[in-house]
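Results of the structural survey
So the chains spell out like this:
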Amino acid sequence: MQLNKRRMSSRKQLYTLAILASLSLGLAPFFPEPHLIGKWRWLLGGGMGMQVMDWFDLVMHSAPFLYLIGLLGYDASNFFRKRMQSHSKPA
């Protein structure tokens, strides 16, 4: 029981870190528009004139969001795998 509480606390800390990083590092600077949104608009508009530094900037500002999505995907897959295993056990 104690181990499960510790694991839940650890997961909560990981989610807190991921959300704070996504909102602060992922969207900085905030005005006049978040940097990441400007880069994605540029990329979806054809990305003409993007240099290596712009691509690096896009990856670095996207990293917190990718981490959060990966964390959510990992936990969702564990949840559904455990659920399927509990339903497939013979009674």
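The structure under discussion appears in the preceding block.
This one's a predicted model, so the numbers in the text were calculated from it and none came from an experiment.

Quick look at the overall build of the protein now. From N to C terminus, the protein includes three helices and zero strands. Listing each helix as α and each strand as β along the protein from the N terminus yields α-α-α. Of all 91 residues assigned to the protein, the portion counted as buried reaches 21%. By sequence separation, contacts in the protein at least 24 residues apart represent 57% of the contacts at least 6 residues apart. A total accessible area of about 7400 Å² is found for the protein, and carbon and sulfur atoms account for 71% of it. Taken as two groups, the 11 positive and 4 negative side-chain charges of the protein have centres that lie 24 Å from each other.

Once that is clear, we can look at a nonpolar patch on the surface. On the surface, a nonpolar cluster with roughly 440 Å² of combined accessible area is contributed by M53, F56, V59 and M60. Inspection of the secondary structure assignment puts M60 in helix α3 (residues 52-88). Looking at M60, the relative accessible area reads 47%, which means it is partly exposed.

Okay, α3 next. Spanning 37 residues, α3 covers 51 Å between terminal C-alpha atoms, matching the ideal 54 Å at 1.5 Å per step. For α3, the set of buried residues is D54, D57, L58, H61, S62, P64, L68, L71 and N78.

With that settled, the discussion passes to the pattern of salt bridges. Tallying each qualifying case throughout the model produces four salt bridges. We note a salt bridge from K39 to D54, for which the minimum N-O separation is 2.8 Å. Taken as a pair, K39 in helix α2 (residues 35-44) and D54 in helix α3 lie far apart in primary sequence, 15 residues in all. In this structure, K39 and D54 share a single accessibility class: buried. With its nearest N and O atoms 3.8 Å apart, the salt bridge here joins D57 to K39. Separated by 18 residues along the polypeptide, D57 in helix α3 and K39 in helix α2 bring together distant segments of the chain. The two residues D57 and K39 agree in class, both being buried. It is possible to trace a salt-bridge network through shared partners that takes in K39, D54 and D57.

Cut-offs used in this document
- Residues numbered from 1 in each chain as written.
- Predicted model: local features only at pLDDT ≥ 70, side-chain atom pairs only at ≥ 80, totals over all residues.
- Heavy atoms only, no water.
- Helix = DSSP H or I, 4+ residues; strand = E, 2+ residues; numbered from the N terminus.
- Buried < 20%, exposed > 50% of the residue type's maximum accessible area, 1.4 Å probe, protein only.
- Contact = heavy atoms within 4.5 Å.
- Areas by Shrake-Rupley, 256 points an atom, 1.4 Å probe, with all protein chains shown as cover.
- Lys, Arg positive; Asp, Glu negative; His and termini not counted.
- Charge placed at Lys NZ, Arg CZ, Asp CG, Glu CD.
- Patch = residues over 30% accessible without salt bridge, like charges linked within 9 Å, V, L, I, M, F, W, Y side chains within 5 Å.
- Salt bridge = Lys/Arg side-chain N within 4 Å of Asp/Glu carboxyl O.
- Expected span 1.5 Å × (residues − 1).

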